Amino acid sequence: MAEPAEERALLASLAAGDREAANALVERTYRRVFALLCKLSGDADLAADLTQETYRRAWAALGSFDGRAQFSTWLYRIATNAFLNHVRRPRPVQPLDEEHERTLPDSGVRQDDAAIAAQIQERLRKAVLALPEELRFTVAARFWGDAPVAEIARAEGISQVAIRKRLNRAYRMLALVLQEAAS
Amino acid sequence: MTKLTTREIKRLLAARGTPQPPPGLADRIKAEIPDVLQLGGVGPQPEGVRGMPPRVPALRPLWLLAASLLIVIGAGFVAVRFFAPTSDLAREIALGGVVRIEDVVVTVPERSTVERQKAGKGIAESVDLDRRVPAPARPGTHTQVASSRPAAPAGGPAPVGALAVTVRDGKEPIPGVTITAARVDAAAATPRTAESGEDGQAEIAPLPPGEYTVRAEREGFEAREAKVRVAAGAEDRVNVAMKPEAAAAAAPAAGKRAAADRGAAGLPAPETAKGSILVTVRASDGSPVPGATVLLSFADRPDVGCGFRSAGSAGVATFCCVAPGAYRICAQSPGFLAASEERVAVPAGRQVTVELRIERQPADGTARPWTCPTPRPAGTP
């Protein structure tokens, strides 16, 4: 992640019309955006497409960026919305659950540790997607975007205490959902 | 799966293993960067001003300017309200008291209820004092011509009263009457005077509480005098009935009736130089008829009565202060038939003697009317 001072300098150059600044911002942020979308979607190809879509939307909405939060955090919000729009968009394909059920090993087959970890990660991903909107973005930005709590608080326009309360609430809900899924 | 703890949830969420971005993703993204990029606002905000209202950076200077203006205006209002000199009379009286008041005509604007409440009860009396001072003379209004006023004791305003005098002749107001109010219990105090206006009203205010002798005087009218007690904080009203000097000698009832009749008939008022009529009522045998009623009316308008008198023990009734002119005189008494003298000329300043003889009433009582007939006016059917 770009340091705040460096990011401010890049944004200042961007405001002055420096196209290289935009390239530098992309270079510094696209891996995190891709990682976040990979965690959200569980599909690298889809994440790559959504990353492009995220930057496309970001350039179009660059006028609404007010500088409260870092540019990367602002991108996380756009990426999350882009993924949700992709999931909710009606498509003539099978739902994600059914699509992935085919790839998941049967419960009756002996599984190695990697397979178990992948299964747990998949359940965790679904549990995160089932969270309320504000909790979902907070968890995704904090753990999958590596955004500090203070940065998320600035992006959301609320206090850090409120962000921590959101996270604790999300932990409890995730534990409950994962336990129900396991049973 | 057993229930996961918060620590385990955090560990799961923080687990790595994300695949690397596909090659060329960054280039594809960079290729889609538009030629013109419009950054919103004024760019990133410095840390120190974050959180200050409003959120829109462009409005922040305006917000600071408006807040500064409000603070300056508020401070100025407080300074003016408490430290600046004021010309408010009630406030000056409240702060400094009253040492002496004389020959002051003050026009006080209407004050709001809040100011009155702030001024308090003590000031309220001073304010009333000022309000009682009449406005400059206007046609049809009374005027205060007081030469001096009693000074209020030093150290605070003294309670005062007021006197409103109405002077009338019957129902008619009398203008130009000099009203004098002199204190009974303080002979050394200078009497206060006022003159009645066209409405016959005069006001003397403020007046220290006490007992006053109020005297109403005007040339051509009988002076009247009355004692009035003026109370603090109140306006005492005095009605004074004045009579013309010539008419004052006549009987009050006869005078009132004659004046009313004259006014109703549209006849001219009696002149200053007047005459008198001496009527002697006798029976047909020449003996006086005491207690006989003598009626006086105009000869030309016998339907308009000028008054009546009762004859004395000698059968004599006197009409004094009668305006010069022609009159009709009729006498009547129980058990007698009425008799009249249709036209009696009364010259100015002279006394006219009239003798009326009345006959005893016949047994049948139909020969002549028992009471004085009231002839119709000349020219009416």
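Residues numbered from 1 in each chain as written. Chains lettered and ligands numbered in written order. Predicted model: local features only at pLDDT ≥ 70, side-chain atom pairs only at ≥ 80, totals over all residues.

S.K.: I keep staring at the overall build of chain B and nothing clicks. Help me out?
M.R.: Along chain B, the regular secondary structure elements total seven helices and 16 strands. Buried residues in chain B amount to 26% of all 381 residues. When contacts within chain B are restricted to residue pairs at least 6 apart in sequence, long-range pairs at least 24 apart make up 65% of them. (Helix = DSSP H or I, 4+ residues; strand = E, 2+ residues; numbered from the N terminus. Buried ≥ 20, exposed ≤ 12 C-beta atoms within 10 Å, placed from the backbone. Contact = placed C-beta atoms within 7 Å.)

S.K.: What's the story with the overall build of chain A in this structure? I'm lost.
M.R.: Per the secondary structure count, chain A includes nine helices and zero strands. The order of α-helices and β-strands along chain A, N terminus first, is α-α-α-α-α-α-α-α-α. Within chain A, buried positions represent 37% of all 183 residues. Considering only intrachain contacts with a sequence separation of at least 6, the fraction spanning at least 24 residues in chain A is 64%.

S.K.: Where do I start with unusual backbone geometry in this structure?
M.R.: Glycine aside, residues mostly have negative phi, and peptide bonds are mostly found in the trans state. At the junction of Ala 205 of chain B and Pro 206 of chain B, the peptide bond is cis and its omega measures out at -5° in the coordinates. Looking at where Pro 206 of chain B falls in the secondary structure, it is placed in strand β6 (residues 201-207). With phi around 55°, Asp 146 of chain A is a residue other than glycine that occupies positive phi space. Along the polypeptide, Asp 146 of chain A turns up in the loop between α7 (133-144) and α8 (149-156). With 15 C-beta atoms packed within 10 Å, Asp 146 of chain A lands in the partly exposed category. The residue Cys 321 of chain B is not glycine, and still its phi comes out positive at about 55°. The topology assignment puts Cys 321 of chain B in strand β13 (residues 316-322).

S.K.: Help me understand helix α1 (residues 4-15) of chain A, please; the structure alone is not making it clear to me.
M.R.: Helical periodicity: at 3.6 residues per turn, an α-helix aligns residues three or four positions apart in one direction. Residues and elements named next belong to chain A. Compared with an ideal rise of 1.5 Å per residue, which puts 12 residues at 16 Å, α1 spans 16 Å between its outermost C-alpha atoms and is within 8% of the ideal. For α1, the full list of buried residues reads Glu 7, Leu 10, Leu 11 and Leu 14. Angular distribution of buried residues about the axis of α1 spans 100°; they occupy a single face of the element. In this structure, the buried side of α1 is in contact with α2 (19-41) and α4 (71-88). Remark: Gly 17 follows α1 within two positions and exhibits a positive phi of approximately 95°. (Expected span 1.5 Å × (residues − 1). Arc of directions from axis to C-beta.)

S.K.: What should I look at first to understand the sheet that holds strand β12 (residues 305-310) of chain B in this one?
M.R.: Strand pairing in a sheet relies on backbone hydrogen bonds. The paired strands run either parallel or antiparallel. Residue and element names in this part refer to chain B. With respect to topology, four strands assemble into an open sheet ordered β12-β11-β14-β15, the strand pairing being antiparallel. Each end of this open sheet is capped by a strand with a single partner; those strands are β12 and β15 (339-346). Taking the axes of each pair of neighbouring strands and ignoring which way they run, one obtains an average angle of 25° across the sheet. Relative to strand β14 (residues 325-332), strand β11 (residues 293-298) runs antiparallel, the two being bridged by six bridges. Residue pairing across strands places Phe 298 opposite Tyr 327, the latter belonging to β14. (Pairing = 2+ DSSP bridges. Axes fitted to C-alpha atoms, helices over the stretch in contact; angles between N-to-C directions.)

S.K.: Please explain α7 of chain A as it appears in this structure.
M.R.: Residues and elements named next belong to chain A. With 12 residues, α7 should reach 16 Å at 1.5 Å per residue; the first-to-last C-alpha distance of 16 Å fits that figure. Counting buried positions over the 12 residues of α7 gives nine, a clear majority of the element. Of all the positions in α7, only Arg 136, Phe 137, Thr 138, Val 139, Ala 140, Ala 141, Arg 142, Phe 143 and Trp 144 are classed as buried. Remark: Asp 146 follows α7 within two positions and exhibits a positive phi of approximately 55°.

S.K.: Could you clarify how one ought to interpret the confidence of the model for chain B in this entry?
M.R.: Do not read the predicted coordinates in detail wherever pLDDT is low. Residues and elements named next belong to chain B. For chain B, per-residue confidence averages 72 on the pLDDT scale, and residues scoring 70 or more make up 64% of the total. Mean pLDDT values for the elements of chain B range from 35 in strand β1 (residues 143-144) up to 89 in strand β10 (residues 275-283). In the predicted structure, residues 121-156 sits below a pLDDT of 50 and forms 71 contacts with residues beyond four places in sequence or in another chain. (pLDDT = per-residue confidence, 0-100.)

S.K.: How should the packing of α2 of chain A against α4 of chain A be read in this particular structure?
M.R.: When two helices pack together, their arrangement is captured by the angle between the axes and the distance separating the axes. All names here are of chain A. The N-to-C vectors of α2 and α4 enclose an angle of 35°; their axes lie 10 Å apart at closest approach. Of the two possible hands of crossing, α2 and α4 adopt the one that is right-handed. Between α2, through Leu 25, Thr 29, Arg 32, Val 33, Leu 36, Leu 37, Leu 40 and Ser 41, and α4, the contact on the second element is made entirely by Phe 71, Ser 72, Leu 75, Tyr 76, Ala 79, Thr 80 and Phe 83. Its residues assigned to classes, the contact of α2 with α4 shows 10 nonpolar, four polar and one charged. (Left-handed = near helix turned anticlockwise from the far one by under 90°. Nonpolar A, V, L, I, M, F, W, Y, C, P; charged D, E, K, R; others polar.)

S.K.: I would appreciate a short explanation of the pairing of strand β4 (residues 178-183) of chain B in the present structure.
M.R.: Each regular strand displays side chains that alternate between the two surfaces of the sheet. All names here are of chain B. Relative to strand β5 (residues 192-195), β4 runs antiparallel, the two sharing four bridges. Bridging across to β5, Ala 181 finds its partner in Arg 192. Looking at chain direction, β4 and strand β7 (residues 210-217) are connected through six bridges and run antiparallel. When the bridges of β7 are listed, Ala 181 appears paired with Val 214.

S.K.: Please clarify how the nonpolar core should be interpreted in this entry.
M.R.: One finds Phe 34, Leu 36, Leu 37, Ala 79 and Ala 140 of chain A to be the most contacted residues of the largest nonpolar core, which totals 53 residues. Of all the elements, α2 of chain A adds the most residues to this core, at 11 residues. Each residue touching Ala 79 of chain A, except ones within four places of it in the same chain, is listed here: Val 33, Leu 36, Leu 37, Leu 50 and Thr 54 of chain A. By size, the runner-up hydrophobic cluster in this structure holds 28 residues, among which are Ile 277, Val 304, Ala 323 and Val 346 of chain B. (Core = buried A, V, L, I, M, F, W, Y, C linked by C-beta atoms within 7 Å.)

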